[in-house]
Amino acid sequence: MRVYLAVIALLAAVHSEELFNGDHVLRVHAESEDHIQILKELERDVNSGLDFWTHAVSTERPVDIRVPHSSLNAVKLFLKKSNIPFTVMINNVQELLVREREEMVHNAEMERKTKSFNFAAYHDLETIYKFMDTLVDKHSNLISKERIGSTFENRPMYVLKFSTGGEKKPAIWIDAGIHAREWISHATAVWLANRIATDFEKNRALVPSILGHVDIYLMIVANPDGYVFTHHSPNTHYRLWRKSRSVTSNPKCPGVDLNRNWDAHFGGPGASDDPCAEDYRGPSVQSEIEVKNIADFIMSHGNFKSFMTLHSYKQLLMYPYGYSGTDAPDKPELHDVATQASKALNSWHGTVYKVGSIFHTIEPASGASADWAYLRGIKYSFAFELRDTGKYGFLLPADQIVSTATETWLALKYIMKHVCDHPY
Amino acid sequence: MASTGDLEPTHYPARRAATVALHYLNTHHGSPFRVFGLQQVHKASAEDVAAGGRKYKLDFSVTDWASGSEGPALRCSADVLFPQTERHSGPEVQLRCEALQQINRTAQEEHAFYQRYISPDSAVSARDIPDSYGNVSEEMQPFWRLARVAASFIMLRESSERTEFNMAQVASVAQQGSSEEQLMLEFVVLLHDFPSQEIIQWKLLASWSPDRGVRVLQTEWQPRCPHATKPPN
């Protein structure tokens with residue numbers, strides 16, 4: 001007992017530090033009732049300068065104590081003399097606090113950046129790419145950014161991966177902006193990225209369980225060169241550009257329709273072999289680097305279960321085939337899923353979508369990405385044509401972005417849940 | 001590609017024919033304060049006709065895009081004939097819509113608009129309606145609708161079973177001197193054809209007054225900007 005009192009006196013004498021530099025946190029393992037009593041005494045002494053993070057209650061639970069640097073040797077000696085085992089849990093509290101504070105400031109900054117990001121506006125490529133980095137930074141436990149290749153004009157192509165971990169989990173693919181002028185698709189995808197992240201963080205219905213089953217890969221801009229071109233000037237030649245910006249056999253007519261260039265009955269109906277045409281399929285299948293990058297990525301991953309591509313306009317939710325009017329083998333199920341998804345979409349704002357195969361609903365279209373995915377065994381393959389039905393068309397006002405994205409999210413969630421509930 | 005007999009209303013053959021009927025409706029009943037959009041096709045059928053064309057029978061609904069967020073739907077029925085001729089000739093349409101006569105609430109706005117712009121000094125001119133971000137100023141809304149009505153004459157005339165036109169944007173509007181008490185407007189409009197995804201540019205001269213409605217006096221197809229294939233660097 002005298003040793004104990006002497007130690008307390010010593011501790012009281014040296015304790016005056018406000019900073020935590022060099023402070024340790026010791027994890028103490030009481031092995032008997034005696035130990036517990038000793039620790040309780042120690043804690044009761046407010047002059048000791050010891051900061052009990054957890055309390056001595058039983059031998060079952062360790063006691064964590066922050067020990068000021070100046071008292072460290074005395075305390076360690078005391079514990080050794082009392083035969084109370086301990087380990088060093090944190091060997092520099094100040095360092096840890098500095099790191100934590102840095103992280104907090106950083107997170108607040110990211111929070112501010114993503115909160116202040118205007119989802120109700122159209123942004124250029126650079127801004128979208130910056131937003132992606134901010135989002136990844138803020139949700140680094142959930143989201144990572146992968147570069148899957150470059151475009152014709154050498155811009156990076158990025159996909160965001162939403163994953164709670166695990167090896168080669170089944171995955172869902174969503175892309176937007178394969179047609180440059182369909183700005184509402186990029187804007188919707190930006191909103192979606194943020195929404196998936198915040199739904200996960202706030203543990204909102206469906207997202208945590210969906211991400212428990214699958215990874216989500218979201219490519220916000222599938223045609224970066226085209227998108228940059230549409231921002232070049234208000235001149236409609238730029239704003240209404242659809243294709244990529246690759247050089248073709250006709251120097252006056254660059255660009256390929258990236259959604260006619262896939263290995264899915266390439267060269268069939270609904271695609272042109274004239275470089276000046278808006279639906280020019282390209283000189284050969286997968287000739288476009290943008291298409292090749294995505295196709296290679298998905299094939300080498302090898303475990304995608306759903307492929308969804310966002311376009312505008314017309315308000316349609318479609319499934320394969322585009323190249324032929326024959327029913328796809330899974331048509332009944334796909335039609336049913338699409339119908340239910342469109343009802344979920346409609347529940348938000350009353351927006352009406354029509355449902356059907358690409359071939360019958362829009363027109364024959366060969367070399368399309370949704371067909372490619374389906375023919376590769378990715379059963380749940382869908383193509384969206386977002387708002388509106390023609391009043392604004394490609395030039396949808398920004399004040400419709402958030403409601404469009406929200407209703408689309410309801411449809412996507414329905415489909416994703418179905419994918420999770422029907423593994424194959 | 002023959003579609004004969006009963007047609008699936010959500011599939012494109014029915015929708016394309018209904019779009020033609022819509023263009024016809026707008027040429028006859030569109031104004032700076034009234035322009036219709038297709039809402040839904042309820043029933044559709046098609047049959048070959050003796051002269052070698054194809055005739056569609058349609059039951060569909062339209063809404064007035066001018067009346068804020070989704071005005072009431074108007075039920076229409078139409079016969080649309082796509083003739084089979086050597087040179088393209090426009091489709092022939094017979095159209096009946098319920099309660100069309102009852103929509104005359106816009107008379108006051110039309111007269112105010114007319115009075116404002118019929119004066120000899122008036123020289124309205126604007127570009128890119130909507131702009132890249134979908135904005136249309138309050139002042140330009142009636143001109144936007146007028147352009148769509150005028151463009152409907154072209155869209156109707158140019159339609160076939162292989163097209164589905166919509167006006168994508170008004171590239172420019174320039175008021176010309178009034179003539180015979182008609183507002184005279186020169187438009188350059190961009191039409192979007194859904195099957196081919198092409199953007200087709202037309203210059204046109206249209207007149208309008210509350211009494212005479214929209215008339216299209218001249219149209220001229222325009223090649224798309226050839227000089228802008230490469231952005232100036």
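Residues numbered from 1 in each chain as written. Chains lettered and ligands numbered in written order. Predicted model: local features only at pLDDT ≥ 70, side-chain atom pairs only at ≥ 80, totals over all residues. Heavy atoms only, no water.

### Concerning the nonpolar core
Move 1: If you look at the biggest cluster of nonpolar residues, it comprises 103 residues, and the most contacted ones within it are A:Phe162, A:Ile220, A:Phe382, A:Phe384 and B:Phe187.
Move 2: For this core, the element with the most residues is helix α6 (residues 183-201) of chain A, which contributes 10 residues.
Move 3: Apart from the residues lying within four places of it in its own chain, the contact partners of A:Phe162 are A:Leu142, A:Ile143, A:Ala193, A:Ile196, A:Ala197, A:Leu211, A:Asp215, A:Ile216 and A:Leu218. (Core = buried A, V, L, I, M, F, W, Y, C linked by side-chain atoms within 4.5 Å. Buried < 20%, exposed > 50% of the residue type's maximum accessible area, 1.4 Å probe, protein only. Helix = DSSP H or I, 4+ residues; strand = E, 2+ residues; numbered from the N terminus. Contact = heavy atoms within 4.5 Å.)

### Some points on the interface of chain A and chain B
Size of an interface: often given as the accessible area lost when the parts come together.
Move 1: Each partner contributes residues to the interface: chain A has 42 residues there, and chain B has 40 residues.
Move 2: Counting the surface chain A buries against chain B, the share from its top three residues, A:His237, A:Lys391 and A:Leu395, is 17%.
Move 3: Where chain A meets chain B, there are one salt bridge.
Move 4: A salt bridge links B:Glu164 to A:Lys314; the nearest nitrogen and oxygen atoms lie 3.1 Å apart.
Move 5: Along the contact surface separating chain A from chain B lie 13 residue pairs in polar contact (both at pLDDT 80 or more).
Move 6: Only α9 (236-239), β11 (354-357) and α12 (358-361) of chain A provide two or more residues apiece to the side of chain A that touches chain B. (Buried area = accessible area lost by both parts, 1.4 Å probe. Salt bridge = Lys/Arg side-chain N within 4 Å of Asp/Glu carboxyl O. Polar contact = N/O pair within 3.5 Å; in protein donor to acceptor, adjacent residues only side chain to side chain.)

### Thoughts on the sheet that holds strand β7 (residues 171-176) of chain A
All names here are of chain A.
Move 1: Read from one edge to the other, the open sheet built from eight strands follows the order β5-β6-β8-β7-β9-β12-β10-β11, with strand pairing classed as mixed. Each having just a single partner strand, β5 (143-150) and β11 make up the two edges of the open sheet. Strand after strand, the sheet turns through a mean of 20° between neighbouring axes, direction not considered.
Move 2: The strands that helix α5 (residues 125-138) touches are β5 and β6 (156-162); relative to β6, the one it contacts most, it runs at about 30°. (Pairing = 2+ DSSP bridges. Axes fitted to C-alpha atoms, helices over the stretch in contact; angles between N-to-C directions.)

### Here's the deal with helix α1 (residues 12-29) of chain B
Move 1: Between its terminal C-alpha atoms α1(B) stretches 25 Å, which fits the 26 Å expected from 18 residues at 1.5 Å a residue.
Move 2: Here α1(B) lies mainly inside the structure; 15 of its 18 residues are buried. (Expected span 1.5 Å × (residues − 1).)

### A word on the packing of aromatic side chains
All names here are of chain A.
Move 1: This model, assessed by the stated rule, comprises 30 aromatic pairs over all chains.
Move 2: An angle of 55° between the planes, with centres 5.5 Å apart, marks the rings of Tyr122 and Trp183 as tilted. Placement of the pair is Tyr122 in the loop between α4 (93-116) and α5 and Trp183 in helix α6, with a sequence separation of 61 residues.
Move 3: Here the aromatic rings of Tyr217 and Phe304 are separated by 5.2 Å at their centres, their planes lie at 55°, and the arrangement is tilted. (Phe/Tyr/Trp six-rings, centres within 6.5 Å; stacked < 30°, edge-to-face > 60°.)

### A word on unusual backbone geometry
Move 1: With an omega dihedral of -5°, the bond running from A:Arg387 to A:Asp388 counts as a cis peptide bond.
Move 2: Its location among the elements puts A:Asp388 in the loop between β12 (380-386) and α14 (401-421).
Move 3: A cis amide bond, omega -5°, links B:Ile129 with the succeeding residue B:Pro130.
Move 4: Mapped onto the elements, B:Pro130 comes out in the loop between β6 (125-129) and α3 (141-158).
Move 5: The backbone phi angle of A:His265 is positive, close to 55°, even though this residue is not glycine.
Move 6: Note that A:His265 resides in the loop between α9 and α10 (289-301).

### As for the domain arrangement of chain A
Move 1: On domain assignment, one finds that chain A holds domain 1 (24-91) and domain 2 (98-233 + 259-421).
Move 2: Computed over C-alpha atoms only, the centres of domain 1 of chain A and domain 2 of chain A are separated by 56 Å. (Domains from an automatic or database assignment.)

### Let's talk about the UniProt feature "active site" (unreviewed entry) in chain A
Move 1: Those places that UniProt annotates as "active site" (unreviewed entry) correspond, in this numbering, to A:Glu385.
Move 2: With respect to the helices, strands and loops of the structure, A:Glu385 is situated in strand β12.
Move 3: Excluding anything up to four places from it in sequence, A:Glu385 contacts A:His311, A:Ser312, A:Tyr313, A:Lys314, A:Gln315, A:Leu316, A:Met318, A:Tyr353, A:Ile362 and B:Phe194.
Move 4: A distance of 3.3 Å separates the side chain of A:Glu385 from the backbone nitrogen of A:Ser312, its partner in a polar contact. (UniProt positions renumbered as here; feature names shortened; annotations may be inferred.)

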